[in-house]
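Survey of secondary and tertiary structure
This is what each chain is made of:
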Amino acid sequence: METARGAERQRTAAERRRRELLEAADRVVLRDGPKASMNAIAAEAGITKPILYRHFGDKGGLYRALAKRHTDALLSALRAALDAPSERRARVEATLDTYLAAIEARPQVYRFLMHPSDDAAPPPEQGFDVGRHSAPLLRRLGEELGKVIVERVDLGPDSEQMARIWGHGIVGMMHAAGDWWLGDRPCSREQLVRSLADLLWGRLADAGDLPGGPGF
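Here the structure is a predicted model, which is why all the values come from computation and not from measurement. (Residues numbered from 1 in each chain as written. Predicted model: local features only at pLDDT ≥ 70, side-chain atom pairs only at ≥ 80, totals over all residues. Heavy atoms only, no water.)

Description of the nonpolar core
In this structure, Leu 52, Leu 62, Leu 96, Tyr 99, Leu 113 and Ile 149 are the most contacted members of the largest nonpolar core, which totals 55 residues. Sequence-distant contacts of Tyr 99, defined by excluding residues within four places in its chain, comprise Leu 74, Leu 78, Tyr 110, Met 174 and His 175. (Core = buried A, V, L, I, M, F, W, Y, C linked by side-chain atoms within 4.5 Å. Buried < 20%, exposed > 50% of the residue type's maximum accessible area, 1.4 Å probe, protein only. Contact = heavy atoms within 4.5 Å.)

Have a look at this one:
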């Protein structure tokens, strides 16, 4: 019994330390964006790089942990927007706005995770292949959104397949439009949200809620 309690304490301590290291990495990414380095993250955490590697395996492991941390937070915010007690069009706009607000609030994190560095040959110490793992993140968002749609919207006999198509299509649209908007700022966020909602609204406006589902 004591051995089990000791193992649980060690596991809890390791999880807490890992969370602290991710928070340190977040601070560096917020400051440095795509130029964030393992040296800078280790210094921010008050440890050496070998200790950082011990917790995450390699640079790719730390990158994936940061990506999961931010993708989890974004998915939680998107689900909250979809669950808001309002009519469907308002929830569609709120969901689009939630995504755009997230990348606007933390553009350095967005560029680190999703946007390839403009530097053709980054210094070897930089280490992170920034923005070049965006496809798995977008696929995860697309699959999760597809699950939400199939649980809520009656799309007929091919509902599951259609929901996955819609999920990936909506995420692709949000990503491409948001990336362009964040870089060029051609219009207000509100205008972009309304325009994207107009694009989505055709079939979505006509589809009924799935009987017994939470509604959409």
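After that view, the rundown keeps rolling.
Quick look at the layout of surface pockets
The space that makes up the largest pocket amounts to roughly 350 Å³. His 70, Leu 74, Ala 102, Val 109 and Leu 113 are the residues nearest the centre of the largest pocket, which is lined by 14 residues in total. For the lining of the largest pocket, the elements supplying multiple residues, two or more each, are helix H4 (59–82), helix H5 (88–105), helix H6 (107–114) and helix H7 (134–152). Looking at the lining of the largest pocket, its residues break down into eleven nonpolar, two polar and one charged. (1 Å grid on protein atoms, 1.4 Å probe; cavity = no way out; pocket = protein on both sides within 12 Å on 5 of 7 lines; lining within 4 Å. Points joined across faces, edges and corners; volume = space filled by probe spheres on them. Helix = DSSP H or I, 4+ residues; strand = E, 2+ residues; numbered from the N terminus. Nonpolar A, V, L, I, M, F, W, Y, C, P; charged D, E, K, R; others polar.)

Focus: the packing of aromatic side chains
Aromatic ring pairs: the centre-centre distance and the angle between the two ring planes describe each pair. Summed over all chains, the structure comprises one aromatic pair. Both rings, one in Tyr 63 and one in Phe 112, keep their centres 5.5 Å apart while their planes meet at 40°; by these two values the pair is tilted. One end of the pair, Tyr 63, is in helix H4; the other, Phe 112, is in helix H6, and 49 residues separate them in sequence. Judged by its relative accessible area of 3%, Tyr 63 is buried. A cation over a ring is seen here: Arg 185 above Trp 181, with NZ or CZ 4.5 Å from the ring centre. (Phe/Tyr/Trp six-rings, centres within 6.5 Å; stacked < 30°, edge-to-face > 60°. Lys NZ or Arg CZ within 6 Å of the ring centre and 35° of its normal.)

Details of the environment of Ala 177
Structurally, Ala 177 can be placed in helix H8 (residues 159–184). Sequence-distant contacts of Ala 177, defined by excluding residues within four places in its chain, comprise Leu 192 and Leu 196.

Things to note about the environment of Lys 49
Relative to the helices and strands, Lys 49 is located in helix H3 (residues 49–56). Lys 49 sits in the partly exposed class, given a relative accessible area of 25%. When the C-alpha positions of Lys 49 and Met 38 are compared, they lie 6.8 Å apart, and in sequence the two are eleven residues distant. Side chain to side chain, Lys 49 and Asn 39 meet in a polar contact 3.4 Å long. (Polar contact = N/O pair within 3.5 Å; in protein donor to acceptor, adjacent residues only side chain to side chain.)

Remarks on the packing of H4 against H6
Running from N to C, H4 and H6 cross one another at 130°; their axes reach a closest spacing of 11 Å. Taken together, the axis directions place H4 and H6 in an arrangement best described as oblique. Our pair here, H4 against H6, has a crossing hand that is left-handed. Across the interface between the two elements, Tyr 63, Leu 66, Ala 67 and His 70 of H4 pack against Val 109, Phe 112, Leu 113 and Met 114 of H6. Counted by class, the contact of H4 with H6 contains seven nonpolar, one polar and no charged residues. (Axes fitted to C-alpha atoms, helices over the stretch in contact; angles between N-to-C directions. Parallel < 35°, antiparallel > 145°, perpendicular 65-115°, else oblique. Left-handed = near helix turned anticlockwise from the far one by under 90°.)

A word on unusual backbone geometry
Notably, Arg 185 is not glycine yet its phi reads approximately 45°, a positive angle. You can see Arg 185 is positioned in the loop between H8 and helix H9 (189–206).

A few points about the confidence of the model for the chain
Averaged over all residues, the pLDDT of the chain equals 85, while 83% of them reach at least 70. Low pLDDT, under 50, characterises residues 120–126; the predicted model gives this stretch nine contacts beyond four residues in sequence or across chains. (pLDDT = per-residue confidence, 0-100.)

Points about the packing of H5 against H8
Between H5 and H8, the shortest axis-to-axis distance is 10 Å and the interhelical angle comes to 40°. Overall, the two elements H5 and H8 adopt an arrangement that is oblique. Note on packing geometry: the crossing formed by H5 with H8 is right-handed. In this structure, H5 contributes Leu 96, Tyr 99, Leu 100, Ile 103 and Glu 104 to the contact, and H8 contributes Met 173, Met 174, His 175, Gly 178, Trp 181 and Leu 182. Considered class by class, the residues forming the contact of H5 with H8 number eight nonpolar, two polar and one charged.

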